[in-house]
Amino acid sequence: SFRDDAKLAASKQEEDAWIKQQQQQPSSNGTPDGNTEAADGGWHFICECFFMTAKALHLGIIKMIDDVTDGRMYWDQIRYAEAIQQAEQAAASYVGTPAEPLVQRQLDDLKAQFDKLVALKVCYDTVLGNPDFAANCLAFYRLMAAWLLQLVSPGGNTLLPLPEQVPMSWALLPEWFVEDIADYLIYCARYQPRVLHNQQLSDLMMFMVVFMGSPNYLKSPHLRGRLSEVVNALLPQHREDPAAGWQRGRCVTG
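Below: a short report on this structure. In this convention, every chain numbers its residues from 1, walking through the sequence in written order. Only residues with pLDDT of at least 70 are given local features in this predicted model, and only at 80 or more are side-chain atom pairs given and counted; all residues enter the totals for whole chains, interfaces and linings. Hydrogens are left out, water is left out, and the side-chain values use all remaining heavy atoms of the structure.

Things to note about the overall build of the protein
Then, in step 1: Each helix is a run of H or I in the DSSP string that is no shorter than four residues. Each strand is a run of E no shorter than two, and both are numbered from the N terminus. The number of helices and strands found in the protein is 11 helices and 0 strands.
Then, in step 2: The order of helices and strands in the protein, counted from the N terminus, is α-α-α-α-α-α-α-α-α-α-α.
Then, in step 3: Contacts are assigned to residue pairs that have any heavy atoms within 4.5 Å of one another. Pairs at least 24 apart in sequence give 73% of the contacts found in the protein among residues at least 6 apart.

Following this line, the structure appears as structure tokens:
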């Protein structure tokens, strides 16, 4: 369920008011349409697959990316590395004393925990860096970006500025729909640049540019700023810049 998630352009009060309005509208059989899903016979299979995939990636891959880049695993590795360094310095002062075995055992325990974290990170990196899997994730997020653009430009032509009236079909979507696209692209550009080589990214660039300049459609300034990070990551950089990431290779943007 997305009911408790922060929405792209609607407050909790606006969401509740819209739901109440929908429930009061008569359905095709003349009764209050309190459940549009039931009235329409349920969502079709492709729709269910789309939203379940989005949720699965949000809870799985995006969570893994957060863990290895700025989450618990990342900071735990730093803390253990510092603790090992301090323990090694302390152990040197206990050489030849009765406390030496205890201090050494504590140091060995820290190293064992650190090795487990490193092994887990390697597993994460292996999954995230699998070329076929990464290509499928990128293809899904391209599809999601195209669908989101279509919600605000049903005619197929995206013109700026976007209409002042924000459609509720867009406004009530979870913020993480957009944030996950941004997070995955930034991760690929910084840590898995090969995933983006020879990929058609013009549609994703269009998505970023359209919504980073549309505060009515993205209420969160943090989220709009995140989109600007994606644009910066995807723009060509100097080939000798060590931070250029994937831009030192080949990618299709037009």
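Still more to cover.
Some points on the pattern of salt bridges
Then, in step 1: One speaks of a salt bridge when a side-chain nitrogen belonging to Lys or Arg is within 4 Å of a carboxyl oxygen belonging to Asp or Glu. As enumerated under the stated definition, the model contains 13 salt bridges in all.
Then, in step 2: A salt bridge links Arg79 to Asp76, with the shortest nitrogen-to-oxygen separation between them at 2.4 Å. With Arg79 and Asp76 both in helix H5 (residues 72–92) and 3 residues apart, the pair spans about one turn of that helix.
Then, in step 3: A residue is classified by how much of its surface remains accessible, and Asp76, at 16% relative accessible area, is buried.
Then, in step 4: Between Arg226 and Glu229 there is a salt bridge whose closest N-O contact spans 3.1 Å. Taken as a pair, Arg226 and Glu229 lie in helix H11 (residues 221–234) at a separation of 3 residues, close to a single helical turn.
Then, in step 5: In this structure Arg226 comes out as buried when scored by relative accessible area, which is 19%.
Then, in step 6: By relative accessible area, which is 31% here, Glu229 ends up partly exposed. Relative accessibility decides the category of a residue: with a 1.4 Å probe and only protein chains considered, values under 20% of the type maximum give buried, values over 50% give exposed, and everything between is partly exposed.

Brief notes about the nonpolar core
Buried together is how nonpolar side chains tend to be arranged in soluble globular proteins.
Then, in step 1: Trp170, Ile181, Tyr184 and Phe211 are the most contacted members of the largest nonpolar core, which has 60 residues in total.
Then, in step 2: Ignoring anything within four residues of it in the chain, the contact list for Ile181 reads Tyr141, Met144, Ala145, Leu148, Leu204, Phe207 and Met208. Buried residues of nine kinds, namely Ala, Val, Leu, Ile, Met, Phe, Trp, Tyr and Cys, make up a nonpolar core once their side-chain atoms join them within 4.5 Å.

Some thoughts on the environment of Phe207
Then, in step 1: Mapped onto the elements, Phe207 comes out in helix H10 (residues 202–212).
Then, in step 2: Distance from Phe207 to Val178, taken between C-alpha atoms, is 9.6 Å for residues 29 residues apart in sequence.
Then, in step 3: Once you skip the residues sitting within four places of it in the chain, Phe207 turns out to touch Ala145, Leu148, Leu149, Val178 and Ile181.

Here we look at a nonpolar patch on the surface
Then, in step 1: On the surface, a cluster of nonpolar side chains totalling about 240 Å² of accessible area is made up of Leu160, Val209 and Met212.
Then, in step 2: Position of Val209 relative to the elements: it lies in helix H10.
Then, in step 3: A relative accessible area of 41% means that Val209 is categorised as partly exposed. Patch membership is restricted to residues that have no salt bridge and whose relative accessible area is over 30%. Joining uses 9 Å for like charges and 5 Å for the nonpolar side chains Val, Leu, Ile, Met, Phe, Trp and Tyr. The Shrake-Rupley method, run with a 1.4 Å probe, gives the accessible areas here. Residue values count only the displayed protein chains as cover.

Some points on the layout of surface pockets
Then, in step 1: Of the pockets and cavities examined, the second largest pocket occupies roughly 240 Å³.
Then, in step 2: For the second largest pocket, the full set of lining residues is Ile62, Ile65, Asp66, Thr69, Asp70, Asp183, Ile186, Tyr187, Arg190, Tyr191 and Arg226.
Then, in step 3: Of all the secondary structure elements, the ones that give two or more residues to the lining of the second largest pocket are helix H4 (61–69) and helix H9 (176–191).
Then, in step 4: The element contributing the most residues to the lining of the second largest pocket is H9, with 5 residues. A cavity, in this analysis, means grid points on a 1 Å lattice covering only the protein atoms where a 1.4 Å probe fits yet has no way out; a pocket is instead an open set bounded by protein on both sides within 12 Å along at least five of seven lines, and a residue lines either one if it has an atom within 4 Å of a point. Grid points are joined across faces, edges and corners, and a volume is the space filled by probe spheres set on the points.

Comments concerning the packing of aromatic side chains
Then, in step 1: Any two rings among Phe, Tyr and Trp, with Trp reduced to its six-membered ring, count as a pair given centres within 6.5 Å; such a pair is stacked if its planes are under 30 degrees apart, edge-to-face if over 60, and tilted if neither. Inspection of the entire model under this criterion finds 14 aromatic pairs.
Then, in step 2: Taken together, the ring pairs in this structure connect Phe50, Phe51, Phe140, Tyr141, Trp147, Trp176, Phe177 and Tyr184 into an aromatic cluster.

Regarding helix H7 (residues 131–152)
Count 3.6 residues to each turn of an α-helix, and residues three or four apart come out pointing the same way.
Then, in step 1: With 22 residues, H7 should reach 32 Å at 1.5 Å per residue; the first-to-last C-alpha distance of 32 Å fits that figure.
Then, in step 2: Listed as buried for H7 are Ala134, Cys137, Leu138, Phe140, Tyr141, Met144, Ala145, Leu148, Leu149, Leu151 and Val152.
Then, in step 3: If you follow the buried residues of H7, they end up packed against helix H3 (45–59), H4, helix H6 (100–128), helix H8 (168–171), H9 and H10.
Then, in step 4: Its side-chain oxygen at 3.2 Å from the backbone nitrogen of Asp132, Asn130 defines the N-terminal cap of H7. To estimate the expected span of a helix, count its residues, drop one, and scale the result by 1.5 Å. Under the rule applied, a polar contact is a pair of N or O atoms within 3.5 Å (in protein, one hydrogen donor and one hydrogen acceptor; residues adjacent in sequence only if both atoms are side-chain atoms).

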